[in-house]
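Summary of structural features
Next come the chains, spelled out residue by residue.
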Amino acid sequence: MIKKVLWSAAAILVLAALVPGLNAQTSLLQQDFNAGGTFPPAGWTTNNEQWRYAQNGAPSTYPYTNNPNYTGGSGYCADCDDDNNNYTGIVYPGSWLQSPNFNASTYPVVWLAYNLSYNDIGSYDFARVEAWDGEGWATVVEYTSDQNPNGPSQRDSFNISQWVSGLSDARVRFLYYETGTTWAWWFEIDNVNLWGTAGGGPGGDTLIDFQLVQIIRPYDQEEAAPFKPTCKVYLDVTVDQPNLMAAETWPADVECRITDLSNMNVVYDKVLHDVPFEMGYTTVGAFPDFTPEGGKQYKALFIVTNPDDIDHDNDNREKKFTTGAAEEVTPTEILAPLENQQNKFSPSAKFLEKAGVDEAAVVLHYRVENAAYLAVSEDSVTHDFTANEEYTATFPEVNVLTDGGYTITFWATSAKGVPISKPEKSLAFNYTGVEEKPEPVKYALSAAGNAVSFSLAKSANVSLKVYDAAGNVVATLASGSMTAGTHQATWNARPGVYFVKLVTPDYSSVRKTIVVR
């Protein structure tokens with residue numbers, strides 16, 4: 001667990017001195033880095049001699065002049081500048097200042113506090129506090145320009161129990177890492193204090209109690225559809241010095257475990273790590289979705305975990321829930337389009353009811369996507385299925401596609417919009433729109449009353465005449481060269497029976513027509 005509290009350096013020391021029984025804490029290591037003495041102090045080690053004492057704004061054992069931006073007291077300083085402008089040349093990777101070993105073997109909770117002063121950890125620099133966990137160095141906190149603004153001193157306090165509790169050779173170190181040329185950075189540590197407690201907060205006088213108070217989701221009855229497990233946690237904090245708790249959050253792990261009661265198999269087990277909690281109620285709903293099967297009974301168990309929790313009897317809660325009858329209508333065969341589809345088509349597929357129940361108002365869908373996975377055509381139809389019925393669904397014609405590759409997908413949803421196809425069915429197809437060629441113009445002749453229409457397959461010399469019943473020519477409607485295509489003509493005629501004759505080098509035809517008043 002990692003926590004940050006801003007408080008004065010004197011608060012811990014005064015409180016420990018005046019009310020040691022209240023705090024129930026044991027000092028494991030203290031180092032005030034007072035001026036003078038040897039470098040480094042007894043038991044402390046460093047891998048870079050540019051870690052030096054700094055006092056009143058200037059490193060006392062290094063030939064640097066006063067740094068006007070240094071605001072700390074006495075302490076150890078990494079990369080201290082001489083005039084706030086000159087780069088000191090630290091390019092040594094992983095410059096660190098390491099504490100002596102301390103014995104944390106009998107303390108379940110161990111706290112580390114220190115004063116920190118720095119001037120803008122730059123984009124090429126970072127500072128880190130690490131703890132030895134018995135096998136290697138683990139990061140307690142890292143400072144970067146993104147995480148921390150420029151500033152003088154602040155008090156940082158961290159629970160480092162997860163790394164050092166139970167170790168007889170525990171230790172911490174402060175690491176400064178510079179990877180490029182920067183200006184006027186420093187990282188100064190002072191007033192390091194390590195102590196062990198039996199539990200609670202920094203002074204041993206804070207009691208925390210996480211309570212799993214409500215399961216919001218699942219409901220007693222769920223659909224066979226995805227839902228997000230959700231619970232509510234209450235955090236109760238008791239502290240004798242409430243001013244020390246300003247802007248405090250406490251991390252805890254929250255687990256959701258779902259068991260299929262038909263076979264007692266755990267079908268879902270997810271943990272949210274280090275969820276931040278403030279005092280009071282917090283809704284936790286960041287779990288991944290869970291999709292239950294239809295017609296089953298399940299048990300959901302939620303657990304909240306924090307090593308400093310004083311009461312574990314109220315950390316969990318469980319709930320049984322059931323799902324409605326199974327629903328399944330699945331596409332079994334795609335009838336249209338074809339893999340190589342030419343011209344417009346009406347999407348069509350066979351759907352089968354596979355759960356053996358009557359299904360009212362099942363919605364059948366299709367969607368066509370292009371190569372960029374964008375939907376270019378989609379539609380739905382509704383059908384009431386009987387048990388085990390196979391139904392062919394045909395959708396309206398698709399006429400918006402251009403030549404190229406596409407994917408069509410068919411699926412079904414219940415009346416409530418829940419997907420019930422197991423699985424959907426898709427087809428990748430190529431579409432080609434073949435241009436429809438018009439029918440070629442043919443020779444033709446028609447007559448109705450005194451109106452005549454005729455077509456020429458190609459340009460030609462034409463003779464179009466009208467004869468009466470005795471064979472006499474009564475009108476010449478066309479004579480000479482005419483273009484291909486359809487033409488029309490009329491003539492003034494008395495009532496009677498007539499014959500219209502069309503003659504070209506390649507075609508001749510006669511049509512009878514009657515003119516009436």
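Our subject in this report is the structure included herewith. These numbers were taken from a predicted model, which means no experiment stands behind them. (Residues numbered from 1 in each chain as written. Predicted model: local features only at pLDDT ≥ 70, side-chain atom pairs only at ≥ 80, totals over all residues. Heavy atoms only, no water.)

**Considerations on the sheet that holds strand E21 (residues 329-336)**
A sheet is described by the order of its strands in space; here three strands give the open sequence E21-E23-E26, paired in antiparallel fashion. Unpaired on one side and paired on the other, E21 and strand E26 (390-394) mark the two borders of the sheet. Direction aside, the axes of adjacent strands within the sheet are offset by 25 degrees on average. In this sheet, E26 lies alongside strand E23 (residues 348-353) in antiparallel orientation, the contact comprising five bridges. The residue bridging Ala349 from the neighbouring strand is Ala393, located in E26. (Pairing = 2+ DSSP bridges. Helix = DSSP H or I, 4+ residues; strand = E, 2+ residues; numbered from the N terminus. Axes fitted to C-alpha atoms, helices over the stretch in contact; angles between N-to-C directions.)

**Observations regarding the layout of surface pockets**
The volume enclosed by the largest pocket comes to roughly 170 Å³. In terms of lining residues, the largest pocket is bounded by Glu223, Ala224, Gly324, Ala325, Glu327, Ser414, Ala415, Lys416, Val418, Pro419, Ile420 and Lys422. Here the residues of the lining of the largest pocket are counted per class, giving six nonpolar, two polar and four charged. (1 Å grid on protein atoms, 1.4 Å probe; cavity = no way out; pocket = protein on both sides within 12 Å on 5 of 7 lines; lining within 4 Å. Points joined across faces, edges and corners; volume = space filled by probe spheres on them. Nonpolar A, V, L, I, M, F, W, Y, C, P; charged D, E, K, R; others polar.)

**Section: the side chain of Asn159**
Here Asn159 shows up in strand E10 (residues 151-159). A polar contact is formed between the side chain of Asn159 and the side chain of Ser161, at a distance of 2.5 Å. A polar side-chain atom of Asn159 sits 3.2 Å from a polar atom in the side chain of Asp308. (Polar contact = N/O pair within 3.5 Å; in protein donor to acceptor, adjacent residues only side chain to side chain.)

**Focus: the nonpolar core**
Formed by 31 residues in total, the largest nonpolar core has its most connected members in Phe102, Tyr114 and Ile160. Elements that contribute at least two residues to this core include exactly strand E1 (25-31), strand E7 (109-118), strand E8 (125-132), strand E9 (137-143), helix H3 (161-164), strand E11 (172-178) and strand E12 (187-197). (Core = buried A, V, L, I, M, F, W, Y, C linked by side-chain atoms within 4.5 Å. Buried < 20%, exposed > 50% of the residue type's maximum accessible area, 1.4 Å probe, protein only.)

**Focus: the environment of Leu335**
As for its placement among the helices and strands, Leu335 is situated in strand E21. Residue class for Leu335 comes out partly exposed when judged on its relative accessible area of 33%. Once the C-alpha coordinates of Leu335 and Ser348 are considered, the two residues, 13 residues apart in sequence, prove to be 5.3 Å apart. The contacts of Leu335, once residues within four sequence positions are left out, are Ser348, Ala349, Lys350 and Thr392. (Contact = heavy atoms within 4.5 Å.)

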